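Examining the three-dimensional arrangement
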Amino acid sequence: MEREPIRIAPSILAADFARLGDAANQAAAAGVDRLHVDVMDGHFVPNISIGPIVVQSLRRVTRLPLETHLMIEQPDRYIDAFADAGATTLIVHQEGAIHLHRTIQQIRARGLRTGVAINPATPAAMIQEILCDVDLVLVMTVNPGFGGQEFIADTLPKIRAVREMIDRRSLHCELEVDGGIDPSTAPRTVEAGARVLVAGSAIFHAADGIAAAIDRLRAAVR
């Protein structure tokens, strides 16, 4: 099977929230095809981040797809709010959606792309029954909740396992990784089968700017 292009999804969790629109526009100018928006509720993960109002604000300043990662309990309660705010993709956690298939159906019914995420300790087998119904699988390479964490190398075999599951069934499903992704770790995840790289600190905390950081990440996986 021909390898898909490697895509970079800057995570705005690491951006300067006082200049969020500027950060989004700089990422767009650097040629990324989407933004990754981390939503945390202080329950599913030990942190609180943003909600639909920030997605709505981003929608007004960028035409990039907004890939919204719901690290929250009871995601079904917020599907309509994020859809109305302008999200393009909703990613829910296998561990946080009690009736995962129903949740995915509800997201799809709103005309959005669907994604499922799994934490580092969750086996790949936990998503095999939903794989045909999603557009994207996100393998967390850190424990969700905070940016700037160290990449967990033990997730690499799981990335390979998910890649094999997708390819064996010839599914049109993206495989994404999130957590500790930088020029040193990104090539390892791509070798394992990832095709979308979520990066926050490596992009928005770079001393030489957003565009240079994105170029550096691209060069590392070329």
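Residues numbered from 1 in each chain as written. Predicted model: local features only at pLDDT ≥ 70, side-chain atom pairs only at ≥ 80, totals over all residues. Heavy atoms only, no water.

**With respect to the packing of helix H1 (residues 20–29) against helix H2 (residues 52–61)**
Formally: Orientation is described by lines fitted to C-alpha atoms, with helices fitted over the stretch in contact, and by angles between N-to-C directions that extend from 0 to 180 degrees. Only DSSP runs of H or I reaching four residues or more are called helices, and only runs of E reaching two or more are called strands; each is numbered from the N terminus. Roughly parallel covers angles under 35 degrees, roughly antiparallel covers those over 145, roughly perpendicular covers 65 to 115, and oblique covers all other angles. Crossing handedness: left-handed means the near helix sits turned counterclockwise from the far one by under a right angle, and right-handed means the same turn made clockwise. It only takes one pair of heavy atoms within 4.5 Å for two residues to be counted as in contact. The classification used treats Ala, Val, Leu, Ile, Met, Phe, Trp, Tyr, Cys and Pro as nonpolar, Asp, Glu, Lys and Arg as charged, and all other residues, Gly among them, as polar.
Running from amino to carboxyl end, H1 crosses H2 at an angle of 50 degrees, the nearest separation of the two axes being 10 Å. What the angle tells us is that H1 and H2 run oblique. Our pair here, H1 against H2, has a crossing hand that is right-handed. For the pair formed by H1 and H2, the contact residues are Leu 20, Gly 21, Ala 24 and Asn 25 on the first element and Val 54, Leu 58 and Val 61 on the second. Among the residues forming the contact of H1 with H2, the class breakdown is five nonpolar, two polar and no charged.

**Some remarks on helix H5 (residues 156–168)**
Quick reminder of the rule: Multiplying one less than the number of residues by 1.5 Å gives the expected span of a helix. Three exposure classes are used, based on accessible area relative to the maximum for each residue type with a 1.4 Å probe and protein chains only: buried under 20%, partly exposed in between, and exposed over 50%.
Between its first and last C-alpha, H5 extends 18 Å over 13 residues, near the 18 Å set by a 1.5 Å rise per residue. All buried positions along H5 are accounted for by Leu 156, Lys 158, Ile 159, Val 162, Arg 163, Met 165 and Ile 166. Once H5 finishes, Ser 170 follows within two positions and takes phi at roughly 50 degrees, a positive value.

**What about the environment of Val 134?**
Its location among the elements puts Val 134 in the loop between strand E5 (113–118) and strand E6 (136–140). In this structure Val 134 comes out as buried when scored by relative accessible area, which is 4%. Sequence-wise, Val 134 and His 101 are 33 residues apart; in three dimensions their C-alpha atoms are separated by 9.6 Å. Not counting chain neighbours up to four residues away, the residues in contact with Val 134 comprise Ile 104, Arg 108, Thr 114, Val 116 and Cys 173.

**Notes on the pairing of strand E4 (residues 89–93)**
Our working definition: When DSSP finds two or more bridges between two strands, those strands count as paired. With strands facing away from the observer, any crossover in which the path from the first strand over the helix to the second runs clockwise is taken as right-handed.
Burial analysis of E4 places five of its five residues in the buried class, which makes it a mostly covered element. Residues of E4 alternate between two faces, with Thr 89, Ile 91 and His 93 on one and Leu 90 and Val 92 on the opposite face, all of them buried. Examined bridge by bridge, strand E3 (residues 66–71) and E4 share four bridges and lie parallel to one another. Bridged to Glu 67 within E4 is Thr 89. Traced from E3 through helix H3 (residues 79–85) to E4, the parallel crossover comes out right-handed. Pairing geometry for E4 and E5, over five bridges, is parallel. Each bridged residue has a counterpart across the sheet, and for Val 92 the counterpart in E5 is Val 116. As a crossover connection, the stretch from E4 through helix H4 (residues 100–109) into E5 is right-handed.

**Section: the pattern of salt bridges**
Worth spelling out the cut-off: Only one rule defines a salt bridge in this text: a Lys or Arg side-chain nitrogen within 4 Å of an Asp or Glu carboxyl oxygen.
Under the criterion given, the structure shown has 17 salt bridges. Asp 33 is paired through a salt bridge with Arg 34; the nearest N and O atoms lie 3.3 Å apart. Asp 33 gets classed as partly exposed once you look at its relative accessible area, which sits at 25%. A relative accessible area of 6% places Arg 34 in the buried class. Note that Arg 113 and Glu 174 form a salt bridge whose closest N and O atoms lie 3.1 Å from each other. In this pair, Arg 113 is assigned in strand E5 and Glu 174 in strand E7 (residues 174–178), connecting sequence segments 61 residues apart. Taking relative accessible area as the criterion, Glu 174 reaches 12% and is therefore assigned buried. Here the salt bridges do not stand alone but share partners, grouping Arg 7, Asp 33, Arg 34, Glu 67, Arg 113, Glu 174 and Glu 176 into one network.

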